[in-house]
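A closer look at the structure
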Amino acid sequence: MTHPLWPLYDLRLTTRDATLGEVVLRVPTEAELPAFVGLASQGIHPPDEMPFSIPWTDLPSPEREQSSYQFYMRTRATWSADSWILTLGLWVDGQPAGFQDLRAEQFPRFRTVATGSWLGRAFQGRGIGRLMRQMVLALAFDHLGAEIAESEAFLDNPASNRVSLGVGYRPNGLGRQSRRDGVGDTQRFRMTVEDWRSRPRPSVRVDGLESCRALFGVD
Ligand SMILES: CC(C)(COP(=O)(O)OP(=O)(O)OC[C@H]1O[C@@H](n2cnc3c(N)ncnc32)[C@H](O)[C@@H]1OP(=O)(O)O)[C@@H](O)C(=O)NCCC(=O)NCCS
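This one's a predicted model, so the numbers in the text were calculated from it and none came from an experiment. Per chain, the residues get numbers from 1 upward, laid out in the order the sequence is written. Residues qualify for local features only when their pLDDT is at least 70, as the model is predicted, and side-chain atom pairs are given and counted only at 80 or more; totals for whole chains, interfaces and linings, by contrast, use all residues.

Observations regarding the overall build of the protein
Heads up, the rule is: The helix count covers DSSP runs of H or I at least four residues long, the strand count covers runs of E at least two residues long, and both are numbered beginning at the N terminus. The globule rule used for comparison is 2.2 Å times the number of residues to the exponent 0.38, while the radius of gyration itself is calculated over C-alpha atoms. The burial criterion counts other C-beta atoms lying within 10 Å of a residue's C-beta, which is placed from the backbone; the residue is buried at 20 or more, exposed at 12 or fewer, and partly exposed between these limits. A pair of residues counts as a contact when their C-beta atoms, built from backbone coordinates, are separated by no more than 7 Å.
Counting its regular elements, the protein contains 7 helices and 9 strands. For the protein, the C-alpha radius of gyration of 17 Å lies close to 17 Å, the compact-globule estimate for 219 residues. Structurally, the protein occupies a C-alpha span of about 45 × 40 × 40 Å along its principal axes. Within the protein, the proportion of its 219 residues that are buried is 31%. Contacts in the protein between residues far apart in sequence, at least 24 positions, make up 59% of those at least 6 positions apart.

The following block contains the structure:
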């Protein structure tokens, strides 16, 4: 263990893709965050679209960068076994490429996780979104004992909706979320561990989990 105070820094998910090379998800150190925040500033979506219910990408600089920094540090500062958001940075062939989050409330009781993600625009549309979702679901279903994964995206976000469908979630009704000054209709998705195990999925290596298990509320 190299981070006895915060073993989540040692948690590392790795897969190898024939086209993309080595793909890694892990919690960025504070010193690594500026590269990710800078990537987000180069653009995640066209300005006339808004894929997020919290419109953080609309903030002017430097508030946008500062609020991102605060969010990523806040998820560490407020972590508890009862309520956690694992904010994993994504490296594709060594390059910071985006974020994949996994979160849960009362995980030991509900065994239910939810996800959120973004990629820098240069990394979009190459199958990375699907791969990073599968990587984090491998952690949840195969290592943490999750039974259900949920996801939700605005109806007009085809990339996110297709990632969920392609990975094996089933549509689970419609919802509504805040969208800038108004609201947007969403598609909800749900996948069980049985759905997950019935589908082809990449081989994901998980390192450094043992010392983190108590933080997730599992034995
Ligand atoms: C959502 C996101 C993470 C998906 O990652 P991605 O790497 O771009 O998606 P992938 O290349 O893995 O594509 C997954 C599927 O979506 C489809 N897709 C991707 N972009 C698309 C687009 N603009 N329009 C239609 N379909 C699209 C792909 O063809 C693929 O479909 P398939 O599984 O049927 O082959 C990424 O596009 C992104 O960061 N978007 C902006 C932020 C965002 O929307 N976050 C999620 C909020 S809920």
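Structural notes on the packing of helix H1 (residues 33-41) against helix H2 (residues 63-77)
Convention followed: Fitted lines through C-alpha atoms give the axes, limited to the stretch in contact for helices. The angle between two N-to-C directions lies from 0 to 180 degrees. Angle categories: roughly parallel below 35 degrees, roughly antiparallel above 145, roughly perpendicular from 65 to 115, and oblique for all the rest. The crossing is said to be left-handed when, going from far helix to near helix, the turn is anticlockwise and less than a right angle, and right-handed when the turn is clockwise. Amino acid classes used here: Ala, Val, Leu, Ile, Met, Phe, Trp, Tyr, Cys and Pro are nonpolar; Asp, Glu, Lys and Arg are charged; the rest, including Gly, are polar.
It is the contact of H1 with H2, at a shortest axis distance of 10 Å, that shows an interaxial angle of 135°. With respect to H2, the element H1 is oriented oblique. Seen from above, H1 lies across H2 with right-handed handedness. Contacts from Leu33, Val37, Ala40 and Ser41 of H1 reach H2 at Arg64, Glu65, Ser68, Tyr69 and Tyr72. Classifying every residue of the contact of H1 with H2 gives 5 nonpolar, 2 polar and 2 charged.

Things to note about helix H4 (residues 128-144)
In plain terms, the rule: For a helix, the expected span equals 1.5 Å multiplied by the residue count minus one.
Compared with an ideal rise of 1.5 Å per residue, which puts 17 residues at 24 Å, H4 spans 23 Å between its outermost C-alpha atoms and is within 8% of the ideal. With respect to burial, H4 is a largely interior element, 14 of its 17 residues being buried. Backbone geometry just downstream of H4 places Gly145 in the positive-phi region, at approximately 85°.

What to know about the packing of H4 against helix H5 (residues 158-167)
How two helices sit against one another is set out by the angle between their axes and by the gap between those axes. Relative to each other, H4 and H5 sit at 50°, their axes nearing to 9 Å. With respect to each other, H4 and H5 are oriented oblique. By crossing handedness, the relation of H4 to H5 is classed as right-handed. In this structure, H4 contributes Gly129, Arg130, Arg133, Gln134 and Leu137 to the contact, and H5 contributes Ala159, Val163, Gly166 and Val167. The residue makeup of the contact of H4 with H5, split by class, is 4 nonpolar, 3 polar and 2 charged.

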